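Examination of the molecular architecture
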Amino acid sequence: MSDTQFDKSWQKRTTKQELLLWLGWLALVAFFVFCWEVMNKNTIWAFVSDAPRQAMDIGSRMVPPRWDYLPSLMEPLWDTIAIATLGTLMALFMAVPVAFMAARNTTPSTRFVRPVALLIIVSSRSINSLIWALLLVAIIGPGVMAGIVAIAFRSIGFVAKLLYEAIEEIDAVQVEAVSATGASKAQIMDYAVVPQILPAFAGITVFRWDINIRESTVLGLVGAGGLGLRLQESLNVLAWPQVTVIFILILITVLVSEWVSAKVRHAII
Amino acid sequence: MSASAATSYPRTWTRPPFVKRAWLRWALYLGALVYLIVSVGSVEVNWVRVWEGLDRGVRFVQGFLVPDFTSRWEDILIGMEESLTMTVASTVVGVLISVPIGIGAARNIAPLPIYAICRAIIALSRSFQEIIVAILFVAMFGFGPLAGFMTLSFATIGFLAKLLAEDIEDIDESQAEAVRATGAGWWQIVNYAIQPQVMPRLIGLSLYRLDINFRESAVIGIVGAGGIGATLNTAMDRYEYDSAAAILILIILIVMAAEYSSGYVRKWLQ
């Protein structure tokens with residue numbers, strides 16, 4: 001009496017689901033084609049078809065690199081590292097209070113202070129450091145200082161966001177244990193909250209410092225000092241052999257900073 | 001009496017120091033201090049220029065309080081249109097290219113030569129910032145959003161392929177084993193054992209990248225790759241801080257909306 005029929009083949013989805021899925025993909029493709037058309041309204045295709053030749057041309061101009069340009073890049077390199085380090089440091093001073101105001105368990109007021117802190121975090125995060133640099137060069141003038149402040153403004157949101165998430169995840173039991181000894185508010189902060197977030201804090205700092213090194217190498221493009229300034233100068237006079245040297249130096253700097261930050265984070269955690 | 005006094009416990013407790021070896025600790029502190037002093041000393045600040053610039057700063061803050069959307073609305077619209085279409089197109093193309101590269105860069109399913117090639121592509125794409133890539137692409141393809149599209153696609157590949165490869169390497173091996181036991185070939189393993197495990201995260205990462213690409217599209221315009229960055233740069237060059245503030249406010253709003261909606265979609269997917 002076994003009249004239960006089983007399907008011979010197995011299907012992941014029902015026919016209706018399959019159809020809907022295809023419809024979704026179709027919509028995505030149509031949307032992409034639409035965007036592509038709108039984007040290329042003003043594209044001059046003659047330039048585009050010329051691109052391989054241009055690439056070859058630039059490539060042939062970039063070698064051999066002009067190595068005797070390297071010594072004069074050491075000062076901008078020092079500036080770049082200073083921008084990243086001092087910018088990170090400046091960001092930490094501003095980000096820590098913002099993070100404590102944004103975390104639900106340490107904020108003085110959920111209704112008034114927390115939204116302001118979150119707004120600071122969002123605005124700082126959505127504006128790239130190059131745009132910050134563009135603004136600050138106009139306001140405080142070209143130079144290393146504008147770079148430092150740009151990096152700092154960009155980093156506040158990043159550091160504060162990660163830090164406030166770390167603060168919200170702390171173990172409440174330890175806070176209670178310390179407060180049970182009769183500790184004051186400041187002592188609870190010092191002995192129960194801070195030790196729990198310190199490893200996260202150090203990790204975030206080093207991580208951001210690594211990103212900042214990367215970003216500070218190009219801040220000079222808008223006049224904020226460092227290696228980017230030399231890059232801009234070389235590009236303006238089409239000195240491609242110098243551009244190659246700068247690219248190689250940037251690459252090495254980025255790789256070294258990545259290695260350092262990986263080592264330090266490994267040692268902390 | 002004297003015997004009990006001998007076992008005297010410390011009355012106070014101090015925290016263990018950050019670095020155990022005292023000389024190393026002090027050397028680190030001293031090194032950091034010296035570096036700080038030297039690097040702060042090397043920063044040259046033209047205080048007169050800063051003082052003169054302050055009233056520009058005030059004007060900029062005023063611009064933020066009273067942003068001017070109307071007088072450059074046409075330019076802003078064109079810039080936004082370029083930025084948004086560039087973002088969508090580059091994310092789609094970047095994802096399409098990064099999927100095969102990501103699969104190739106996963107050590108558990110790709111043979112060594114392919115693994116090495118794909119990892120090299122990822123390293124190449126990740127080591128240069130978008131802005132430098134944009135400079136090169138603008139030189140090759142001419143000014144305009146196509147160069148920006150190329151830049152963002154290139155950057156997307158490094159980001160997405162790396163994370164996808166790590167995801168594939170972290171999959172639950174027993175499911176792949178079960179599919180393999182049915183006699184499935186390589187394509188079938190990828191399709192039935194790996195794809196279902198990594199798909200939700202791949203979609204989440206693609207949405208995240210969409211977000212990043214929009215933010216970046218606001219920057220690469222500075223070097224001529226089209227988009228809202230070009231409009232912003234022009235506004236700054238003309239000292240029209242109220243228009244610049246309007247553009248920045250629009251960027252922040254779009255980023256916030258993108259972040260919020262992508263979080264919503266990711267929650268819905270899981």
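The helix and strand inventory of chain A stands at eleven helices and zero strands. Listing every helix and strand of chain A by position from the N terminus yields α-α-α-α-α-α-α-α-α-α-α. Computed over the C-alpha atoms, the radius of gyration of chain A is 27 Å, more than 25% above the 18 Å expected from 2.2 N^0.38 for a compact globule of 269 residues. Dimensions along the principal axes, computed over C-alpha positions, put chain A at roughly 75 × 70 × 35 Å. When burial is assessed residue by residue, chain A has 37% of its 269 residues classed as buried. Residue pairs at least 24 apart in sequence account for 71% of intrachain contacts in chain A once pairs closer than 6 positions are excluded.

With that settled, consider the overall build of chain B. Along its length, chain B carries eleven helices and zero strands. Since a compact globule built from 270 residues should have a radius of gyration of about 18 Å, the 27 Å found for chain B marks it as more spread out than a globular shape. Its C-alpha atoms give chain B principal-axis dimensions of about 90 × 75 × 35 Å. For chain B, the residues scored as buried account for 40% of the 270 residues in total. In chain B, 71% of the contacts between residues at least 6 apart in sequence involve partners at least 24 apart.

Further remarks concern the interface of chain B and chain A. Contact residues are listed per partner, giving 46 residues for chain B and 43 residues for chain A. Mapped onto the side of chain B that touches chain A, the elements with two or more residues apiece are α2 (22-42), α3 (47-65), α4 (73-104), α6 (130-141), α7 (145-169), α9 (186-220), α10 (228-237) and α11 (241-269) of chain B. Examining the composition of the side of chain B that touches chain A, we find that seven residues originate from one element, α4 of chain B, more than from any other. Considering only residue class, the side of chain B that touches chain A consists of 29 nonpolar, eleven polar and six charged.

What follows concerns unusual backbone geometry. Residue and element names in this part refer to chain A. Each neighbour pair has its own omega, and for V63 with P64 the value is -5 degrees, a cis peptide bond. Structurally, the position occupied by P64 is in the loop between α3 (51-62) and α4 (74-102). A positive phi angle, near 55 degrees, is found at L238, a position not held by glycine. Within the element layout of this structure, L238 appears in the loop between α10 (227-236) and α11 (240-268).

All names here are of chain A. If you trace the backbone, I121 turns up in helix α5 (residues 113-126). A C-alpha to C-alpha distance of 6.7 Å links I121 and A160, two positions 39 residues apart in sequence. Once residues lying within four places of it in the same chain are set aside, the contact partners of I121 are V98, A102, G157, A160 and K161.

Residue and element names in this part refer to chain B. Looking at the secondary structure, you find A235 in helix α10. Distance from A235 to L207, taken between C-alpha atoms, is 30 Å for residues 28 residues apart in sequence. Among residues more than four places away in sequence, those in contact with A235 are R72, E240, S243, A244 and I247.

The description of two helices packed together rests on the angle between their axes and the distance between the axes. Running from N to C, helix α1 (residues 15-39) of chain A and α4 of chain B point in directions that differ by 135 degrees, and their axes come no closer than 9 Å. Considering the angle they form, α1 of chain A stands oblique to α4 of chain B. Note on packing geometry: the crossing formed by α1 of chain A with α4 of chain B is left-handed. Counting all contacts with α1 of chain A, which are made through F31, F32, C35, W36, V38 and M39 of chain A, the residues of α4 of chain B involved are E81, E82, T85, M86, V88, A89 and V92 of chain B. Of the residues assigned to the contact of α1 of chain A with α4 of chain B, the class counts are ten nonpolar, one polar and two charged.

Considering the arrangement of structural elements, one finds V63 of chain A in the loop between α3 and α4. For V63 of chain A, a count of 9 C-beta atoms within 10 Å translates into the label exposed.

The next point concerns the domain arrangement of chain B. When the domains of chain B are assigned, the result is domain 1 (22-61) and domain 2 (71-269). If you average the C-alpha positions of domain 1 of chain B and of domain 2 of chain B, the two centres end up 35 Å apart.

Next up on the list: α9 of chain B. Helix length check: α9 of chain B (35 residues) gives 40 Å between terminal C-alpha atoms against 51 Å at 1.5 Å per residue, more than 12% under. Along α9 of chain B, the helix axis deviates most sharply at Q195 of chain B, where the bend reaches about 60 degrees; the proline P196 of chain B sits within four residues downstream.

All names here are of chain A. For the pair α3 and α11, the least separation of the axes is 7 Å and the interaxial angle reads 80 degrees. Classified by the interaxial angle, the pair formed by α3 and α11 is roughly perpendicular. Residues I58, R61 and M62 of α3 touch α11, and the partners they reach there are W240, P241, V243 and T244. Across the contact of α3 with α11, the residue classes break down as five nonpolar, one polar and one charged.

Conventions and cut-offs
- Residues numbered from 1 in each chain as written.
- Chains lettered and ligands numbered in written order.
- Predicted model: local features only at pLDDT ≥ 70, side-chain atom pairs only at ≥ 80, totals over all residues.
- Helix = DSSP H or I, 4+ residues; strand = E, 2+ residues; numbered from the N terminus.
- Rg over C-alpha atoms; globule rule 2.2 N^0.38 Å.
- Buried ≥ 20, exposed ≤ 12 C-beta atoms within 10 Å, placed from the backbone.
- Contact = placed C-beta atoms within 7 Å.
- Nonpolar A, V, L, I, M, F, W, Y, C, P; charged D, E, K, R; others polar.
- Axes fitted to C-alpha atoms, helices over the stretch in contact; angles between N-to-C directions.
- Parallel < 35°, antiparallel > 145°, perpendicular 65-115°, else oblique.
- Left-handed = near helix turned anticlockwise from the far one by under 90°.
- Domains from an automatic or database assignment.
- Expected span 1.5 Å × (residues − 1).
- Bend = angle between axes of the 7 residues up to and from the residue.

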